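Descriptive structure summary
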Amino acid sequence: MTVPSLDMQKTMANAIRALSMDAVQKANSGHPGLPMGAADFATVLFTQFLNFDASDPHWPDRDRFILSAGHGSMLLYSLLFLTGYKDMTLEQLKNFRQLGSITAGHPEYGHAEGIETTTGPLGQGLANAVGFAIAERHLAARFGNDLVNHKTYVLAGDGCLMEGISQEAITLAGHLKLSHLIVLWDDNGISIDGKVSMSDSTDQLARFASANWNVSRVDGHNPSEVAAALQAAQNSDKPTMIACKTIIGFGAPTKQGTSATHGSPLGAEEIAGARKALGWDYGPFVVPDEILNAWRAVGSRGTSLRKDWEQRLAASSHKAEFNRITSGALPANFDEVVAAYKKELAKNPPWIATRNSSQNALDVINAAVPETIGGSADLTGSNNTKSKDMKALTATDYGARYVYYGIREHGMAAAMNGMALHGGVIPYGGTFLTFTDYCRPSIRLSALMGKRVIYVMTHDSIGLGEDGPTHQPVEHLAALRVIPNLLTFRPCDAVETLECWQLALQTAASPSVLALTRQKLKPARLAYSAKNLCALGAYEIAPSAKKSKVVIFASGSEVEIALEAKATLDKAGTPARVVSVPSMELFEKQSKAYRKELLGKEKIRIAIEAGVAQGWNRFIGDDGVFIGMKGYGASAPAEALYKHFGITAKAIVKAARK
């Protein structure tokens, strides 16, 4: 395809502007300013550089376009319609921001083809893009450039660069020299409150340059300058940031360049003036055939590239494995590998912390599942996330499988989302459970998008000991359990830890959190079970030999305490049973009959967990007894803390007798 003339590029960009302002006006809601301001440089990117095929949105070696400034969603929706994505019809643009449409207020992954990630929380798309770029370079190292060789382009706004997550993202990308990552900054100098200069004076080019990026500045309304900068970025040895100076709401006669165009419809009079200023003599949602055909030619520009790639894949010895990992399927022998290791654990049950149980499980899993990529936010030795066969993924070795994220919890979580969205890899990463507060926005997006991202969160209670209440999570399990479509696992020993890892890996449409202990735990599962009992969410780990009078529900490290209490009660003639609850979410997915049977009819109902009580009423009712935390922890050895806060077998026995 020949490059459109400058006049045609201007007209094609105006099609984006017209559709965007029309859709926002019809919805009486939205953000016309960014699409109108960024239309020129977006047109250059799509017509000359972005390799994609609108007829095959899932082509694995396509370039990725990420609209980090998600409020400008009509830019993306307009481009998807214009380039010919089948599901993005004109009717969808007319139903912008309406119930049931695929054109949500901010781009949502899975709603429409061509939306690579859910954006809206500013900075997330930029940080996701780092994960996309890591996955691309890793897979290229594994399968070769013939199969994997594409770019990740990001359109970021002023807000994306002001968000703290952007610093974590750009410094990691620069450190890893992710040269296939190219950021186009819509440098319009306007935020909702007004001029950016009212709140920020950062030299963004100097900032990116200091983080080991190549940087340049262009007139975002000059196609030739934009094209030259993008061309220079193609062979860069570092990630590239191009500052595109633009006028927000370009074309709006009285509102362009002001915050009035940022997040409100322009109004009928201003739109009429914009049409005149832009020379767009067509009605609402009308794109003349000549212009639409030019855009549709852009959408099919990558068809020959895709077909050439398909031929290379068909001839490759890696075809079967490449198709497997990009489909998200686990190796065929995965369950057999897990079963074999579970039998070993039954023969020699280890008395270790579940964080160590997790590392032992990873030694087995990572050897069997070559697409996993692990990492930690500077807590590798504490999270135990690096299995014995793993080497560090670096700028000189993208083929390795372990990322040292540094102290960048939020950036790590967002990058893992990007890896999962890219496909071909299964990311997991670790920090302390209390620092899920730093990761939470990204964890929520993992769940919203339904992506398999595994968060290994160790030091899961006051059991971490002397580091004190700043590091001791008390409300975090409850806070995680209320996030829809997130699986929160808290295993009690090595067997449950292995089963939880198996479930996390098998669950392709949900993220998982593994809450793991620092302190050693006595093994509770002593007999081999071919069935994954943790898949039930809750199950009877210690039944009563006689009719039970007491039922004790527990998770993680408190299962050991519950079993000790049961032994005391049984000996005293008060039969008790213990239910392990590794996942409240999976328990709720079981049949009503199973849930009713497991909950039982005992009048004495006790739950114990070294956290707050929220969520446990489901098991013990309003009249049950909860033993756990009512406030923050303290700095002391774990044994002293459990005794001080009354999280003990004696407390269970006392509550049962009372």
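In what follows, the structure referred to is the one given above.
What comes next concerns the included structure. (Residues numbered from 1 in each chain as written. Predicted model: local features only at pLDDT ≥ 70, side-chain atom pairs only at ≥ 80, totals over all residues. Heavy atoms only, no water.)

Here we look at the overall build of the protein
The secondary structure content of the protein amounts to 26 helices and 18 strands. The C-alpha radius of gyration computed for the protein amounts to 27 Å, which stays within 12% of the reference 26 Å derived for 658 residues, consistent with globular compactness. Surface accessibility of the protein: about 24900 Å² in total, with carbon and sulfur atoms responsible for 51%. Distance between charge centroids for the protein: 9 Å, based on 67 positive and 63 negative side chains. (Helix = DSSP H or I, 4+ residues; strand = E, 2+ residues; numbered from the N terminus. Rg over C-alpha atoms; globule rule 2.2 N^0.38 Å. Areas by Shrake-Rupley, 256 points an atom, 1.4 Å probe, with all protein chains shown as cover. Lys, Arg positive; Asp, Glu negative; His and termini not counted. Charge placed at Lys NZ, Arg CZ, Asp CG, Glu CD.)

Quick notes on empty space enclosed by the protein
Under the definition given, this model contains two cavities of 30 Å³ or more. A volume near 100 Å³ is recorded for the largest cavity. Lining the largest cavity are 13 residues, and of these Leu50, Phe65, Tyr85, Gly114 and Glu116 sit closest to its centre. Of all the elements in the fold, those that place two or more residues in the lining of the largest cavity are β1 (64–67) and α3 (73–83). Taken together, the residues of the lining of the largest cavity break down into eight nonpolar, one polar and four charged. Roughly 30 Å³ of volume is contained in the second largest cavity. (1 Å grid on protein atoms, 1.4 Å probe; cavity = no way out; pocket = protein on both sides within 12 Å on 5 of 7 lines; lining within 4 Å. Points joined across faces, edges and corners; volume = space filled by probe spheres on them. Nonpolar A, V, L, I, M, F, W, Y, C, P; charged D, E, K, R; others polar.)

Let's talk about the packing of aromatic side chains
Under the defined criterion, the tally for this structure stands at 15 aromatic pairs. Grouped by ring-pair contacts, the aromatic residues Phe46, Phe52, Phe65 and Tyr85 constitute a single cluster. (Phe/Tyr/Trp six-rings, centres within 6.5 Å; stacked < 30°, edge-to-face > 60°.)

Thoughts on the pattern of salt bridges
Taken as a whole, this structure holds 25 salt bridges when the rule is applied. A salt bridge links Arg401 to Asp389, with the nearest nitrogen and oxygen atoms 4.0 Å apart. Placement of Arg401 in the loop between α16 (380–383) and β9 (402–404) and of Asp389 in the loop between α16 and β9 is noted, with a sequence separation of twelve residues between them. Taking the relative accessible area as the measure of exposure, Arg401 reaches 14% and is therefore buried. As a salt-bridge pair, Glu602 and Arg605 come within 3.9 Å of each other at their nearest N and O atoms. Comparing Glu602 with Arg605 shows no difference in burial state: the two are buried. Connected through salt bridges with shared partners, the residues Asp460, Arg481, Arg490, Glu558 and Glu609 form a single ionic network. (Salt bridge = Lys/Arg side-chain N within 4 Å of Asp/Glu carboxyl O. Buried < 20%, exposed > 50% of the residue type's maximum accessible area, 1.4 Å probe, protein only.)

Notes on the layout of surface pockets
Gaps left between atoms show up when a probe the size of a water molecule is rolled over them. The calculated volume of the largest pocket comes to roughly 640 Å³. The wall of the largest pocket is formed by 34 residues, among which Tyr109, Leu421, His422, Gly423 and Lys451 lie closest to the centre. Breaking the lining of the largest pocket down by element, the ones donating at least two residues are α13 (319–327), α17 (409–422) and β10 (426–432). Examining the composition of the lining of the largest pocket, we find that four residues originate from one element, α13, more than from any other. Class assignment for the residues of the lining of the largest pocket results in 16 nonpolar, ten polar and eight charged. Within this model, the second largest pocket holds a volume of roughly 390 Å³. Glu560, Ile561, Glu639, Tyr642 and Ile647 are the residues nearest the centre of the second largest pocket, which is lined by 15 residues in total. The set of elements that each furnish at least two residues to the lining of the second largest pocket consists of α21 (557–571), α25 (638–644) and α26 (649–657). When the residues that make up the lining of the second largest pocket are grouped by side-chain class, the tally is six nonpolar, three polar and six charged.

As for the sheet that holds β1
With respect to topology, five strands assemble into an open sheet ordered β1-β2-β3-β7-β6, the strand pairing being parallel. With partners counted over all chains shown, the strands left at the sheet margins are β1 and β6 (214–219), one partner each. Going across the sheet, the axis of each strand differs from the next one's by a mean of 20°, ignoring polarity. Note that β1 and strand β2 (residues 152–156) share four bridges and pair parallel. Of the residues in β2, the one forming a bridge with Leu67 is Leu155. (Pairing = 2+ DSSP bridges. Axes fitted to C-alpha atoms, helices over the stretch in contact; angles between N-to-C directions.)

Section: the packing of helix α1 (residues 6–27) against helix α10 (residues 268–278)
Closest axis-to-axis distance for the α1/α10 pair is 11 Å, and the angle between their directions is 175°. One way to sum up the angle between α1 and α10 is to call them roughly antiparallel. Contact residues: α1 offers Asn14, Arg17, Met21, Asp22 and Gln25, while α10 offers Ala268, Ile271, Ala274, Arg275 and Leu278. Residues that form the contact of α1 with α10 fall into these classes: five nonpolar, two polar and three charged. (Parallel < 35°, antiparallel > 145°, perpendicular 65-115°, else oblique. Contact = heavy atoms within 4.5 Å.)

Quick notes on the side chain of Ser101
Looking at the element boundaries, Ser101 is found in the loop between α4 (90–94) and α5 (124–143). Judged by relative accessible area, Ser101 falls into the buried class, the value being 12%. Within the structure, the side chain of Ser101 is placed 3.1 Å from the backbone oxygen of Asn95, a separation counted as a polar contact. Polar contacts involving the side chain of Ser101 include one to the main-chain carbonyl oxygen of Gln98, which spans 2.9 Å. Excluding residues within four positions of it along the chain, Ser101 makes contact with Gln92, Asn95 and His111. (Polar contact = N/O pair within 3.5 Å; in protein donor to acceptor, adjacent residues only side chain to side chain.)

Observations concerning the nonpolar core
Ranked by internal contacts, the top residues of the largest apolar core, which has 132 residues, are Leu230 and Trp295. No other element matches α5, which puts eleven residues into this core. With sequence-adjacent residues up to four places away left out, Leu230 is seen in contact with Val44, Leu45, Phe49, Tyr153, Ile182, Leu184 and Ile242. Counting 33 residues, the second-largest nonpolar core is a separate cluster that includes Ala562, Ile606, Ile647 and Ala649. (Core = buried A, V, L, I, M, F, W, Y, C linked by side-chain atoms within 4.5 Å.)

Some remarks on the sheet that holds strand β12 (residues 487–489)
The sheet built from six strands is open, its strands ordered β9-β8-β10-β11-β13-β12 with parallel pairing. Among the strands making up the open sheet, the edge pair consists of β9 and β12. Within the sheet, the average angular offset between the axes of one strand and its neighbour, ignoring direction, is 20°. Here strand β11 (residues 454–458) pairs with strand β13 (residues 512–515) via four bridges, running parallel. When the bridges of β13 are listed, Met457 appears paired with Ala515. Against the sheet, helix α18 (residues 436–449) engages β10 and β11, with an angle of about 160° to β11. Each of β8 (372–376), β10, β11, β12 and β13 is contacted by helix α20 (residues 494–506), which is oriented at about 150° to β11, the strand it contacts most.

Brief notes about α26
Of all the residues in α26, the buried ones are Ala649, Ile652, Val653, Ala655 and Ala656. All buried residues of α26 project into a common sector of 165° when viewed along the axis, lining one side. Exposed positions of α26 whose direction lies more than 90 degrees from the buried face are Lys650, Lys654 and Arg657. Buried residues along α26 sit against β15 (550–554), α21, β17 (604–608) and β18 (625–627). (Arc of directions from axis to C-beta.)

Quick word on the environment of Asp363
Considering the arrangement of structural elements, one finds Asp363 in helix α15 (residues 354–368). Reaching out from Asp363, the side chain makes a polar contact with the backbone nitrogen of Lys388 at a distance of 2.9 Å.

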